[in-house]
Amino acid sequence: MGTTSASPSSSCCVAVATLAERRLLCNGMERKMEENTVRDVETESEAGGEDALVGNVNKLTVNPPGFSGNPRKGHLVFDACFESGNLGRVDYISEFEFDLFIRPDTCNPRFRVWFNFTVENVRETQRVIFNVVNFSKTKSLYRDGMSPVVKSTSRPKWQRLPAKNVYYYRCPDHRRNYVMSFAFCFDREDDVYQFAYCYPYTYSRLQHYLAGLERRNLPYLQREQLGLSVQQRRLDLLTITNTG
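This report concerns the structure included in the present document. Because the structure is a prediction, the values reported are computed rather than measured.

A closer look at the side chain of R112
Part 1 of the argument: One can find R112 in the loop between β4 (97–101) and β5 (116–120).
Part 2 of the argument: Within the local environment of R112, its side chain forms a polar contact with the backbone oxygen of N134, the two atoms lying 2.7 Å apart.

Below, the structure written as structure tokens:
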């Protein structure tokens, strides 16, 4: 990403300061809640408050409350209807802040970690704070310097956001779920931006790679179908052994 996007300039200081203030306000409450029993934590993590999320957002335009008419530049459009995409709901908090809800893993509502979505219809120099508000993990590498990745149509190589703009904390405003907040500054109006938990590796990409290996007829490699997943996708078994 360019300097403005990956490392928000001084115009983004307000957004970063807001994140820091929220983190300080949550610290005291977070420490108190950490003293709760493991049973309480597991109950909240399992419920998550988002059991009703069904399906990813599909070109969802998030307008300010009370707004009517055609969307204006800066009224963000979210999408996760693509392979490996995950974003179930977006709540408008303010012009600069949005709450994002991720969908749970297939057949297990207790696990909510992965996110991958795009944002378009941005305004140049538009500053935002995205709060992913329903993580299920009590510990995360986001607390130790890891940060989400981002790319855009004009800059297709994944890059990590600056760790100083990322906060992972437990928030009383979201049913005691864990929240990951990050600040970002859009710099190109015609670009579509994509954000993900980490570098995506899709099922299709894996199958393409395995098919390429199979076509090479390597004497030490055998590929077999072990079975099918819950969603009827092929599960492969690879046997790699000595040629003798």
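On we go.
A closer look at the sheet that holds strand β10 (residues 178–185)
Part 1 of the argument: Strand order in the open sheet formed by five strands is β3-β4-β6-β10-β9, and the pairing between neighbours is mixed. The sheet is open, and its two edges are formed by β3 (89–94) and β9 (166–170), each paired on a single side. Between one strand axis and the next, the sheet turns through 20 degrees on average, direction left out of account.
Part 2 of the argument: Both β9 and β10 contribute to a ladder of five bridges, which runs antiparallel. Residue pairing for β10: Y169 is matched across the bridge by V179.

Description of the pairing of β10
Part 1 of the argument: Counting buried positions along β10 gives eight out of eight residues, so the element sits mostly inside the fold.
Part 2 of the argument: The alternating pattern of β10 places Y178, M180, F182 and F184 and V179, S181, A183 and C185 on opposite faces, both of which are buried.
Part 3 of the argument: Looking at chain direction, strand β6 (residues 127–135) and β10 are connected through seven bridges and run antiparallel. When the sheet's bridge partners are listed, R127 is paired in β10 with C185.

Focus on the layout of surface pockets
Part 1 of the argument: Put simply, the largest pocket is a space of about 580 Å³.
Part 2 of the argument: Lining the largest pocket we find 14 residues, and of these S84, G85, T106, W114 and Q231 sit closest to its centre.
Part 3 of the argument: Classifying every residue of the lining of the largest pocket by side-chain character gives five nonpolar, five polar and four charged.

Examining the pattern of salt bridges
Part 1 of the argument: Counted under the stated rule, the structure contains eight salt bridges.
Part 2 of the argument: In this structure, K59 engages E120 in a salt bridge whose closest nitrogen and oxygen atoms are separated by 2.6 Å. Of this pair, K59 sits in the loop between α3 (38–47) and β1 (60–61) while E120 sits in strand β5, and the two are 61 residues apart along the sequence.
Part 3 of the argument: A relative accessible area of 46% means that K59 is categorised as partly exposed.
Part 4 of the argument: Counted as one network, the salt bridges with shared partners bring together E214, R223, R234 and D236.

Brief notes about a nonpolar patch on the surface
Part 1 of the argument: A contiguous nonpolar patch, built from Y201, L206 and Y209 and spanning about 310 Å² of accessible area, is present on the exposed surface.
Part 2 of the argument: By the secondary structure assignment, L206 is in helix α4 (residues 203–215).

Regarding the environment of M146
Part 1 of the argument: Looking at where M146 falls in the secondary structure, it is placed in the loop between β6 and β7 (149–152).
Part 2 of the argument: Under the relative-accessibility criterion, M146 is labelled buried at 16%.
Part 3 of the argument: Distance from M146 to C198, taken between C-alpha atoms, is 9.1 Å for residues 52 residues apart in sequence.
Part 4 of the argument: In this view, M146 contacts L141, R160, V166, Y197 and C198; residues no more than four positions away in its chain are not counted.

Considerations on the nonpolar core
Part 1 of the argument: Counting residues in hydrophobic clusters, the biggest one holds 33 residues, and the most contacted among them are F78, F117, F130, F135, F186 and F195.
Part 2 of the argument: Of all elements in the fold, only β4, β5, β6, β9, β10 and β11 (193–196) reach the threshold of two or more residues within this core.
Part 3 of the argument: Counting residues in hydrophobic clusters, the runner-up holds seven residues, among them V133, Y167, Y169 and C171.

Describing the sheet that holds β1
The strands making up a sheet associate through hydrogen bonds between their backbones, and the pairing can be parallel or antiparallel.
Part 1 of the argument: An order of β1-β2-β5-β11-β7-β8 is seen for the six strands of this open sheet, with the pairing classed as antiparallel. Looking along the sheet, the strands with just one partner apiece sit at the ends: β1 and β8 (155–160).
Part 2 of the argument: Bridge count for β5 against β11 is four bridges, and the pairing is antiparallel. Bridge pairing links F117 to F195 in β11.

What counts, and at which threshold
- Residues numbered from 1 in each chain as written.
- Predicted model: local features only at pLDDT ≥ 70, side-chain atom pairs only at ≥ 80, totals over all residues.
- Heavy atoms only, no water.
- Helix = DSSP H or I, 4+ residues; strand = E, 2+ residues; numbered from the N terminus.
- Polar contact = N/O pair within 3.5 Å; in protein donor to acceptor, adjacent residues only side chain to side chain.
- Pairing = 2+ DSSP bridges.
- Axes fitted to C-alpha atoms, helices over the stretch in contact; angles between N-to-C directions.
- Buried < 20%, exposed > 50% of the residue type's maximum accessible area, 1.4 Å probe, protein only.
- 1 Å grid on protein atoms, 1.4 Å probe; cavity = no way out; pocket = protein on both sides within 12 Å on 5 of 7 lines; lining within 4 Å.
- Points joined across faces, edges and corners; volume = space filled by probe spheres on them.
- Nonpolar A, V, L, I, M, F, W, Y, C, P; charged D, E, K, R; others polar.
- Salt bridge = Lys/Arg side-chain N within 4 Å of Asp/Glu carboxyl O.
- Patch = residues over 30% accessible without salt bridge, like charges linked within 9 Å, V, L, I, M, F, W, Y side chains within 5 Å.
- Areas by Shrake-Rupley, 256 points an atom, 1.4 Å probe, with all protein chains shown as cover.
- Contact = heavy atoms within 4.5 Å.
- Core = buried A, V, L, I, M, F, W, Y, C linked by side-chain atoms within 4.5 Å.

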